[in-house]
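# Report on the structure
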Amino acid sequence: MKASRVLLVLVVVAVGLFFALAPRMAEERMNRVLPHERAAVSPEAAALHADLVVGDLHADSLLWRRDLLRRADRGHVDLPRLREGNVALQVFTAVTKTPAGMNYEENASDARDNITLLAVAQRWPSATWDSLAERALYQAAKLRGFAEEEPESLLLLRHGGDVPRLLAARAAGAQTVGAVLGIEGAHALDGDLANVDRLYDAGYRMVGLHHFFDNALGGSLHGTGSHGLTDFGRRVVERLDERGMIIDVAHSSPESVRDVLALTARPVVVSHTGFRGACDTPRNIDDGLMRDIARRGGLIGVGFWDAAVCNVSPAGIVAAIRYGIDLVGADHVALGSDFDGATTVPFDTAELAVLTDTMLREGLDEATIRKVMGGNVARFLAENLPQGPR
């Protein structure tokens, strides 16, 4: 065989191995579960957990090349593990751009984008390689495809009335998980207000305004200045309100959050976060602003990773939850795991009963546990998703 032909074969093999192995290796490195023995859950906690409505406000599982209908040996979330964890409601959030470095202190808007290489390596459609809107639409199509393949396993929630219907079906014995589509960063609009309607039509109902960098809407919590909303950002907020879409300020700067609260009368969410008074990191906004969000009827999802709670353990997560309850009230605290979001967590979604067990051990009453573990998410979605076709 000629040397040129050997070289060509080697190149083809190398490219094939890259596409086959690189996405898996990246996820195994980025979405980790700390080594642990599966915690023993008391019979009381197991019985209570089985009777709960469990809900989680944030998981980035659509980013990765996995069939979410099948149990995987990596990552944090798939349908078999959601069922094992008795999860009724899961927000699946589409990530469309992250900056190289991805630090909590400061990131430049023009930093090299990590998701472009991931999209190519995972063989996403070529339209996604240079369009953030297309990346969002592709991830929505993935979720819709899972729901169409196994409608008894997954239901895409589009309207408030879908929530009580789902819960009634589950009470009658169904194991269907209700899924809500969210965006992590409205740079997915590609600077075009008309894309709000495209995303809505694709099934999106929750929109995070920012991620790790300032964008056309305004300042991120991790951007290069203390910026609020731009004129475009204000118009986006107004359009989201018109469509009845839920606004998520999890990565927005304090100035942007205040601008949002001044613009909208509707409650907002902080889908995945911690409380600055409990875990003083740049990832968490100050307690006063959390109170403002709660006073407006907002919902705050407590994360499971280090920058959110500092102590990455069931006890550390529950300590952050208890702090939040004391700060803003039990009606405004929920779970916001950030599963599959390049996070290292103490357990995956199959093991969520450990939180119920830990809350009981820490003396939280049953009514509070029901609210935090998912009752608040169910109520919030039923009240704030659009109430009918628009």
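Structural data are supplied above this passage.
Quick summary incoming for the structure in this document. (Residues numbered from 1 in each chain as written. Predicted model: local features only at pLDDT ≥ 70, side-chain atom pairs only at ≥ 80, totals over all residues. Heavy atoms only, no water.)

Attention now goes to the overall build of the chain. The helix and strand tally for the chain stands at 14 helices and 11 strands. Scaling as 2.2 N^0.38, a compact globule of 390 residues should have a C-alpha radius of gyration of about 21 Å, and the chain matches this with 20 Å. Considered along the principal axes of its C-alpha atoms, the chain spans approximately 75 × 50 × 40 Å. The proportion of buried residues among the 390 residues of the chain is 57%. Roughly 15,100 Å² of accessible area belongs to the chain as shown, and the carbon and sulfur atoms make up 54% of that amount. (Helix = DSSP H or I, 4+ residues; strand = E, 2+ residues; numbered from the N terminus. Rg over C-alpha atoms; globule rule 2.2 N^0.38 Å. Buried < 20%, exposed > 50% of the residue type's maximum accessible area, 1.4 Å probe, protein only. Areas by Shrake-Rupley, 256 points an atom, 1.4 Å probe, with all protein chains shown as cover.)

Looking now at the nonpolar core. Tyr 204 and Leu 355 are the most contacted members of the largest nonpolar core, which has 85 residues in total. If one sorts the elements of this core by residue count, helix H12 (residues 314-328) sits on top with 7 residues. With residues near it in sequence (within four places) discarded, Leu 355 still touches Phe 304, Pro 314, Ile 317, Val 318, Leu 335, Phe 347 and Met 373. Formed by 18 residues, the second largest nonpolar core is a distinct cluster that contains Ala 88, Val 163, Val 180 and Leu 381. (Core = buried A, V, L, I, M, F, W, Y, C linked by side-chain atoms within 4.5 Å. Contact = heavy atoms within 4.5 Å.)

Oppositely charged side chains may form a pair once their charged atoms are brought near each other. Tallying each qualifying case throughout the model produces 28 salt bridges. Ionic pairing is found between Arg 70 and Asp 67, a salt bridge with its closest N-O pair at 3.8 Å. Residue Asp 292 pairs with Arg 295 through a salt bridge whose shortest N-O separation is 2.4 Å. Here Asp 292 and its partner Arg 295 are both found in helix H10 (residues 287-295), 3 residues apart, which amounts to about one turn of the helix. (Salt bridge = Lys/Arg side-chain N within 4 Å of Asp/Glu carboxyl O.)

Another point: the side chain of Asn 31. Among the secondary structure elements, Asn 31 is positioned in the loop between helix H1 (3-30) and strand E1 (32-33). Among the residues examined, Asn 31 registers a relative accessible area of 3% and is labelled buried. Among the polar contacts made by the side chain of Asn 31, one reaches the main-chain amide nitrogen of Ala 342 at a distance of 2.8 Å. Leave out the neighbours within four places in its chain, and Asn 31 touches Trp 64, Gly 75, His 76, Asp 340, Gly 341, Ala 342 and Thr 343. (Polar contact = N/O pair within 3.5 Å; in protein donor to acceptor, adjacent residues only side chain to side chain.)

Tracing the sequence through the fold places Thr 128 in the loop between helix H4 (114-121) and helix H5 (132-149). Engagement of the side chain of Thr 128 in a polar contact is seen with the backbone oxygen of Pro 125, the distance being 2.6 Å. The residues contacting Thr 128, other than those within four sequence positions of it, are Ala 119, Glu 134, Arg 135 and Tyr 138.

Moving on, we come to the pairing of strand E2 (residues 54-59). The side chains of a regular strand alternate, first on one face of the sheet and then on the other. Across the 6 residues that make up E2, a large majority, 6, are buried. Here E2 runs beside strand E3 (residues 87-95); their pairing, made up of 4 bridges, is parallel. Looking at the pairing, Gly 55 lines up with Leu 89 of E3. As for the winding sense of the linkage, the β-α-β connection from E2 through helix H3 (residues 79-84) to E3 is right-handed. (Pairing = 2+ DSSP bridges. Right-handed = clockwise from strand over helix to strand, strands pointing away.)

This next bit is on the packing of aromatic side chains. The full count for this structure, using the stated rule, is 5 aromatic pairs. Centre to centre, the rings of Phe 275 and Tyr 323 are 6.1 Å apart; their planes meet at 50 degrees, and the pair counts as tilted. Of the two residues, Phe 275 sits in the loop between strand E8 (269-273) and H10 while Tyr 323 sits in helix H12, which places them 48 residues apart along the sequence. You can call Phe 275 buried: its relative accessible area is 0%. Across the ring face of Phe 213, the terminal group of Lys 97 is positioned such that the distance to the ring centre comes to 4.7 Å. In this arrangement the basic side chain of Arg 205 is found over the ring face of Tyr 200, its NZ or CZ atom lying 3.7 Å from the centre. (Phe/Tyr/Trp six-rings, centres within 6.5 Å; stacked < 30°, edge-to-face > 60°. Lys NZ or Arg CZ within 6 Å of the ring centre and 35° of its normal.)

With respect to burial, E8 is a largely interior element, 5 of its 5 residues being buried. Pairing analysis gives 3 bridges linking E8 to strand E9 (residues 299-302), with the strands arranged parallel. Along E9, the bridge assignment pairs Thr 273 with Val 302. Considered for its hand, the β-α-β crossover made up of E8, H10 and E9 is right-handed.

On to the state of the cysteines, then. Enumeration over the complete set of coordinates arrives at 1 disulfide. A disulfide bridge connects Cys 279 with Cys 310, and the sulfur atoms are separated by 2.0 Å. Its torsion about the S-S bond being 85 degrees, the disulfide of Cys 279 and Cys 310 is classed as right-handed. Residue Cys 279 is located in the loop between E8 and H10, and its partner Cys 310 is located in the loop between helix H11 (306-309) and H12; the two are separated by 31 residues in the primary sequence. (Disulfide = S-S within 2.5 Å.)

Quick look at the packing of helix H7 (residues 195-202) against helix H8 (residues 231-243) now. The contact between H7 and H8 brings their axes to 10 Å, and the two run at 35 degrees. You can see that H7 and H8 cross each other, and the crossing is right-handed. Counting all contacts with H7, which are made through Val 196, Asp 197, Tyr 200 and Asp 201, the residues of H8 involved are Arg 239, Leu 240 and Arg 243. Of the residues that constitute the contact of H7 with H8, the class distribution is 3 nonpolar, no polar and 4 charged. (Axes fitted to C-alpha atoms, helices over the stretch in contact; angles between N-to-C directions. Left-handed = near helix turned anticlockwise from the far one by under 90°. Nonpolar A, V, L, I, M, F, W, Y, C, P; charged D, E, K, R; others polar.)

This part takes up the environment of Leu 48. For Leu 48, the position within the fold is in helix H2 (residues 43-50). Note on Leu 48: relative accessible area 8%, which makes it buried. Distance in space between the C-alpha atoms of Leu 48 and Thr 230 is 46 Å, their sequence separation being 182 residues. Setting aside residues up to four positions removed in sequence, Leu 48 forms contacts with Thr 356, Leu 360, Glu 366, Ile 369 and Arg 370.

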